[in-house]
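For reference, the chains in residue letters:
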Amino acid sequence: VVTVDDEGNINATGEGEAEIIISFVGDNMYKSSETTVTVTVSKKKVRIELMSDDSLELNVGDEKTIIAYIIIDDGSEMIPFDLLDSLEYNAYTDDDDEDDEFDDGAEDIIEVDEDGNVKAVGEGEAIIIISFDGNDMYEAAEDVNVTVTVSMIETSITLNSEDSLELNVGDEDSIDAELDPEDAGVITFTSSDESVVTVDSEGNIKAVGEGEAEITLSFDGDERYVAADDVVVKVNVSKIETNIDNR
């Protein structure tokens, strides 16, 4: 609990209570005497202080760093920087039980490393529990929770050209459209009737036969992006009128 040297200097080495006996053995002139000093040694109280938000809204693929410190809770507000590596970050999902416990399985939603770096990997909600278990000098701190909500990124297709085309057999045209966000992927062009109109991967169309058809513009999404609502371009293909001049 404590050590003491021959000059009375005390060093607290562990939690608990101890007695220091101060004595004088006496001599030919002075009687011996003794007194006792009781020493109570307590661990320092600390708390975890968040310097970043306690609620994060992320999209799949986003990365964020949680900034947290251990602070001595004695009014001094000192930060023992040697304890920064002692913080633990663990991710869970809320199971909504009455006992307020949490379930494992957050790895499908977020990843968090020992430095508090968070990566959103899938849609859902998770809770990161920041903890400090204490050591020989400091008490364990009360846990701090950070709620993380991960969403997929919405997408949309914007048509910059006409949504209805009148063509003759043999005509060629193109559909001008863009996907937002641009880096989400590529638009897929599909003809409802390739005997009437064909379309390539870049939206270039060719009228090949009389009739009506639809070109559907779609984006199916992926693990990061939500599928976009389809956009439809109607195409009416006619044969070329001919005239016989009888003179």
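The following refers to the structure shown. This is a predicted model, so every value here is computed, not measured.

1. Some remarks on the overall build of the protein
Working step 1: The helix and strand tally for the protein stands at zero helices and 23 strands.
Working step 2: Since a compact globule built from 247 residues should have a radius of gyration of about 18 Å, the 37 Å found for the protein marks it as more spread out than a globular shape.
Working step 3: Seen along its three principal axes, the alpha-carbon backbone of the protein occupies a region of about 160 × 35 × 20 Å.
Working step 4: Scored against the burial criterion, the 247 residues of the protein give a buried share of 30%.
Working step 5: Within the protein, contacts between residues at least 6 apart in sequence are counted, and of these 52% link residues at least 24 apart.

2. Re the sheet that holds strand β22 (residues 211-218)
Working step 1: Spatial strand order, β16-β23-β22-β19: four strands in an open sheet with mixed pairing. The sheet is open, and its two borders are formed by β16 (164-168) and β19 (188-191), each paired with just one other strand. Strand-to-strand twist in this sheet, taken as the mean axis angle between neighbours without regard to direction, amounts to 25 degrees.
Working step 2: Sheet analysis places β16 next to strand β23 (residues 231-238), joined by five bridges and oriented parallel.

3. Looking at the nonpolar core
Working step 1: Of all hydrophobic cores here, the largest spans 28 residues; its most connected members are I66, I128, I130 and F132.
Working step 2: Among the secondary structure elements, those contributing two or more residues to this core are β5 (46-50), β6 (55-59), β8 (68-72), β12 (117-120), β13 (124-131) and β14 (144-151).
Working step 3: For this core, the element with the most residues is β14, which contributes four residues.
Working step 4: Filtering out sequence-adjacent residues up to four positions away, I130 remains in contact with I48, L50, I66, A68, L87, E88, Y89, D143, V144 and V146.
Working step 5: Within the second largest apolar cluster, 24 residues are counted, among which are I157, F189, I205 and Y225.

4. Brief notes about the environment of D54
Working step 1: Note that D54 resides in the loop between β5 and β6.
Working step 2: Sequence separation between D54 and I127 is 73 residues; the distance between their C-alpha atoms is 9.9 Å.
Working step 3: Those residues within four positions of D54 in sequence are excluded, and the remaining contacts are N145, V146 and T147.

5. Description of the sheet that holds strand β7 (residues 63-65)
Working step 1: Taken together, three strands build an open sheet; the order of strands is β7-β12-β11 and the sheet is antiparallel. The open sheet has two edge strands with one neighbour each: β7 and β11 (110-112). The sheet shows a mean angle of 20 degrees between the axes of neighbouring strands, direction not considered.
Working step 2: Inspection of the sheet shows β7 paired to β12 by three bridges, in the antiparallel sense. Bridged to E63 within β12 is K119.

6. Quick look at a nonpolar patch on the surface
Working step 1: A contiguous nonpolar patch, built from F24, M29 and Y30 and spanning about 370 Å² of accessible area, is present on the exposed surface.
Working step 2: You can see F24 is positioned in strand β3 (residues 16-24).

7. Points about a negative patch on the surface
Working step 1: Where like charges cluster on the molecular surface, the negative patch consists of E123, E154, D220, D229 and D230.
Working step 2: Relative to the helices and strands, D220 is located in the loop between β22 and β23.
Working step 3: Among the residues examined, D220 registers a relative accessible area of 67% and is labelled exposed.

8. Details of the pattern of salt bridges
A pair can form between side chains of opposite charge whenever their charged atoms are brought close.
Working step 1: Within the structure shown, the criterion is met by two salt bridges.
Working step 2: Here E49 makes a salt bridge to R47, at a shortest N to O gap of 3.0 Å.
Working step 3: We classify R47 as partly exposed; its relative accessible area is 23%.
Working step 4: A salt bridge links D73 to R47; the nearest nitrogen and oxygen atoms lie 3.0 Å apart. Residue D73 is located in the loop between β8 and β9 (88-94), and its partner R47 is located in strand β5; the two are separated by 26 residues in the primary sequence.
Working step 5: Salt bridges sharing partners connect three or more residues here, namely R47, E49 and D73.

Conventions used here
- Residues numbered from 1 in each chain as written.
- Predicted model: local features only at pLDDT ≥ 70, side-chain atom pairs only at ≥ 80, totals over all residues.
- Heavy atoms only, no water.
- Helix = DSSP H or I, 4+ residues; strand = E, 2+ residues; numbered from the N terminus.
- Rg over C-alpha atoms; globule rule 2.2 N^0.38 Å.
- Buried < 20%, exposed > 50% of the residue type's maximum accessible area, 1.4 Å probe, protein only.
- Contact = heavy atoms within 4.5 Å.
- Pairing = 2+ DSSP bridges.
- Axes fitted to C-alpha atoms, helices over the stretch in contact; angles between N-to-C directions.
- Core = buried A, V, L, I, M, F, W, Y, C linked by side-chain atoms within 4.5 Å.
- Patch = residues over 30% accessible without salt bridge, like charges linked within 9 Å, V, L, I, M, F, W, Y side chains within 5 Å.
- Areas by Shrake-Rupley, 256 points an atom, 1.4 Å probe, with all protein chains shown as cover.
- Salt bridge = Lys/Arg side-chain N within 4 Å of Asp/Glu carboxyl O.
- Lys, Arg positive; Asp, Glu negative; His and termini not counted.
- Charge placed at Lys NZ, Arg CZ, Asp CG, Glu CD.

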